[in-house]
Amino acid sequence: MNIDPHLLKRFAPAMVVWLAIAELVHSEGTKQLYNDAGLYAGTPPGSVTMDIYYWSATGGPVINATVSATNAPEGRLVAQAVVSTHWGGWGIFNVASNNPSQTVAVDYSDYAGGALRFWLWSQDELEVQIEYLTGDGSAQDQKVTQVIPSTQGQWSEIVIPFDAFPSYPTFPGGLNLQQIIGPFLISTSTGSGATTAPKNWYVDDARVTKPFSQLAIHPPITQVNPGQHRQFTIEGVSSNGEPVLVYGGFSVSTNVGGLNVSAPSLASSSVLTANHTSGSITVMATNATSPVTATANVQITSANLQREFGVVSDTRTNLNLDVDSKLLAFFGGSASSAPVITNNIYDRVEGFSSVQTTVNQISADSFSGWTVQWGLAGSADTNTTDMSWFYDGFIRFALKAPAALQTNFVVGIRSGNVPASTELSKVPLAGYATFDNQWHEVAIPIKIFAGSRPWADLSRTKNFFTITVVGNTGQQTFLIDNVRWDTGINATNAGLRIVNAFRQGADFHLNFAGPPGFAFTLQSTTNFSSWTNILQDVLSDSPYSFVHSNALRNARTLYRLLGTP
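These figures come from a predicted structure and were not determined experimentally.

About the thresholds
Residues numbered from 1 in each chain as written. Predicted model: local features only at pLDDT ≥ 70, side-chain atom pairs only at ≥ 80, totals over all residues. Heavy atoms only, no water. Helix = DSSP H or I, 4+ residues; strand = E, 2+ residues; numbered from the N terminus. Contact = heavy atoms within 4.5 Å. Salt bridge = Lys/Arg side-chain N within 4 Å of Asp/Glu carboxyl O. Buried < 20%, exposed > 50% of the residue type's maximum accessible area, 1.4 Å probe, protein only. pLDDT = per-residue confidence, 0-100. Pairing = 2+ DSSP bridges. Phe/Tyr/Trp six-rings, centres within 6.5 Å; stacked < 30°, edge-to-face > 60°. Lys, Arg positive; Asp, Glu negative; His and termini not counted. Polar contact = N/O pair within 3.5 Å; in protein donor to acceptor, adjacent residues only side chain to side chain. Axes fitted to C-alpha atoms, helices over the stretch in contact; angles between N-to-C directions. 1 Å grid on protein atoms, 1.4 Å probe; cavity = no way out; pocket = protein on both sides within 12 Å on 5 of 7 lines; lining within 4 Å. Points joined across faces, edges and corners; volume = space filled by probe spheres on them. Nonpolar A, V, L, I, M, F, W, Y, C, P; charged D, E, K, R; others polar.

### Some remarks on the environment of Val82
Within the fold, Val82 resides in strand S7 (residues 77-83). Apart from the residues lying within four places of it in its own chain, the contact partners of Val82 are Pro61, Val62, Lys199 and Asn200.

Structure representation (structure tokens):
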């Protein structure tokens, strides 16, 4: 989880200096102490410093906080602890920003009535502790403990209400949320630590959460055709309206369809495969010791739900850039420079211009690119739009890029519930595009971006299209045109690509290719509203050559190439 090895330190109590003055931190519904983004860094990021300490009977356990796991409850990475013999463990501590060996006390009193939550895979009895300073303010650390039975080699979410611990001031020596030093410590128990057998366990998505009395389910209402899919995600809602990150059991009413994931398994996102009967999706999550439920309405319909949504397009004008959305450039890394982004009116495949981008990257950690987001620059991540209808569809665009960039492109999206730069909803473009400085159509299935946080919740889409060039590329230029989402109306277009397009005299020439036997339709328009079929045929092994004679003597003509269902 992006935690540098140098952050893993030997925990030596005699060397730790306790600061008795509690730091104040920004109030949030959830503090994710440890997840795929790393250790909690505060809001804004970097305002809080945390570190991992470990301890053992014999020279230190092996702690690896970046273990890849295909079945990780959150993201891709988990933390593994291996204790070779007797006792040992590790913990997350609040530390001074200028001295990671010095712990500090932090005020967690906003989380009174809430819970410590984490996922655990174990085959031994363990102990979970919270370390704090006593309520009288003396510089003396105390711990409260809960014994956690073995999860029998299965992932299980552990929820420990803070009310389950003896607390201050009810018990003067009890848990003092105003002065928390270590919010999460996990180690062998008195029983398992007394044995010489090796111990091995995994932890994921450790967090503290405020209490909540309601769940939000996204989207709360949707329409879907039989056999199609919709994604649903949940969050708890604190009394202040803050998101509380929880997992719940999803279930569906009779004959509405099937869910993946479904109860009794816990998840924060599930996908419905629709059947033929309208009904509801219900989810139940645990707030401390009481269950909380939420319901979404699902309307099964035979109506035509096919849609297209233009992101950067002259002919599909769903977004009004600089009014409801924004194209933003970004860059970073050593000795990197901002990308140069311009309209190219001479080299395009659709409409009036393409987007030309020139990057100049001279180090391995360089990156630059641009994104199109819902909302203007600086708009809140809560300002999103519902794109859940497109789960079965594609992101499509035309790309013209040199071979030198083939392994340097990443394309992705982001939803507002996922903090920027932590999203996993991105793919290398090399598997989807041809790089030969010719125009090619690219189609990427949207469902590969959707999932539980840190993947995207389509119903809360913030960034529709993010393209990033990474690495030491030198100066390179690429063009992108006609970026759009569709619901799969032309799903067979995935292998269809334009080889080149050019004018010769008054004639328009279009050469394109795709899988042999591929049926296609070529359409044209002069008014952007009505399209005329001008050619229907089937592809062979070689590129297809089309000539529209005298087309350029008349009004401006636009073309589009579609797979024939």
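### Notes on the pattern of salt bridges
Counted according to the given criterion, the structure contains 12 salt bridges. Taking the shortest distance from any N to any O, the salt bridge between Lys143 and Glu131 comes out at 3.7 Å. In this pair, Lys143 sits in strand S12 (residues 141-148) while Glu131 sits in strand S11 (residues 126-133), placing the two residues 12 residues apart along the sequence. Residue classification places Lys143 among the partly exposed residues on the basis of a relative accessible area of 37%. Classification of Glu131 as buried rests on a relative accessible area of 0%. As a salt-bridge pair, Asp457 and Arg460 come within 2.7 Å of each other at their nearest N and O atoms.

### Brief notes about the confidence of the model for the chain
With 91% of its residues at a pLDDT of at least 70, the chain reaches an overall mean of 88. Here residues 1-26 is modelled with pLDDT under 50, and outside its nearest four sequence neighbours on either side it reaches 77 contacts, counting other chains as well.

### A word on the pairing of S11
Among the 8 residues of S11, 8 are classified as buried, and the element is accordingly described as predominantly covered. Alternating residues of S11 divide into Leu126, Val128, Ile130 and Tyr132 and Glu127, Gln129, Glu131 and Leu133, and every residue in both groups is buried. Relative to S12, S11 is paired through 8 bridges, and the arrangement is antiparallel. Within S12, the residue paired with Glu127 across the bridge is Val147. Relative to strand S14 (residues 180-188), S11 runs antiparallel, the two being bridged by 6 bridges. Within the sheet, the bridge partner assigned to Glu131 lies in S14 and is Gly182.

### What to know about the sheet that holds strand S17 (residues 221-224)
What holds strands together in a sheet is hydrogen bonding between their backbones, with the strands either parallel or antiparallel. Strand order in this open sheet of 5 strands is S17-S25-S24-S20-S22, and the pairing throughout is mixed. In this open sheet, the two edge strands, each paired with only one partner strand, are S17 and strand S22 (266-267). Where strand S24 (residues 279-287) meets strand S25 (residues 290-300), 9 bridges bridge the pair, whose relative direction is antiparallel. If you follow Ala285 over to S25, its bridge partner there is Val292.

### Some thoughts on the packing of aromatic side chains
The full count for this structure, using the stated rule, is 19 aromatic pairs. Measuring from centroid to centroid gives 6.5 Å for Phe309 and Phe390, while their planes differ by 75 degrees, and the two rings are edge-to-face. With Phe309 in strand S26 (residues 308-312) and Phe390 in the loop between strand S30 (367-374) and strand S31 (394-400), this residue pair connects regions lying 81 residues apart in the sequence. As far as the burial class goes, Phe309 and Phe390 line up, both buried. Ring geometry for Phe512 versus Phe520: centroids 5.0 Å apart, planes at 80 degrees, classification edge-to-face. Here Phe512 matches Phe520 in class, with each residue buried.

### Focus: the environment of Ala403
Within the secondary structure, Ala403 sits in the loop between S31 and strand S32 (409-415). The sequence separation of Ala403 and Ile300 amounts to 103 residues, and the corresponding C-alpha distance is 46 Å.

### As for unusual backbone geometry
When glycine is set aside, most residues are seen to have a negative phi, and most peptide bonds are trans. In this model, Asn260 is joined to Val261 through a cis peptide bond whose omega is 20 degrees. Counting through the fold element by element, Val261 comes out in the loop between strand S21 (257-260) and S22. Look at Gln152: it is not a glycine, yet its phi comes out positive at around 60 degrees. You can see Gln152 is positioned in the loop between S12 and strand S13 (156-161).

### Comments concerning the side chain of Asp107
As for its position among the elements, Asp107 is in the loop between strand S9 (99-106) and strand S10 (115-122). The buried charged residue Asp107 lacks any salt bridge, with Lys31 as its nearest oppositely charged partner at 8.6 Å. Here Ser109 takes part through its side chain, which lies 2.7 Å from a polar atom of the side chain of Asp107.

### Observations concerning the sheet that holds strand S33 (residues 426-428)
Strand order in this open sheet of 5 strands is S27-S30-S35-S32-S33, and the pairing throughout is antiparallel. The sheet is open, and its two borders are formed by strand S27 (325-332) and S33, each paired with just one other strand. Put simply, the sheet's adjacent strands are angled 15 degrees from each other on average, direction ignored. Alignment of S30 against strand S35 (residues 461-470), held across 7 bridges, turns out to be antiparallel. Bridging across to S35, Trp370 finds its partner in Ile467.

### Examining empty space enclosed by the protein
Going through the model one piece at a time under the given rule, you end up with 2 cavities of 30 Å³ or more. Empty space within the largest cavity amounts to approximately 140 Å³. Leu245, Val246, Tyr247, Ser268 and Arg453 are the residues nearest the centre of the largest cavity, which is lined by 17 residues in total. Contributions of two or more residues to the lining of the largest cavity are made by strand S15 (199-209) and strand S18 (229-237). The element that contributes the greatest number of residues to the lining of the largest cavity is S18, accounting for 3 residues. Space inside the second largest cavity adds up to approximately 40 Å³. Forming the walls of the second largest cavity are Tyr108, Ile130, Phe162, Leu177, Ile180, Pro183 and Val208. Taken together, the residues of the lining of the second largest cavity sort by class into 7 nonpolar, no polar and no charged.

### Focus on the side chain of Asp486
Mapped onto the elements, Asp486 comes out in strand S36 (residues 474-486). Classification of Asp486 by relative accessible area gives buried; the value is 0%. Engagement of the side chain of Asp486 in a polar contact is seen with the side chain of Arg396, the distance being 2.3 Å. With residues near it in sequence (within four places) discarded, Asp486 still touches Arg307, Glu308, Phe390, Gly393, Phe394, Arg396 and Ile446.

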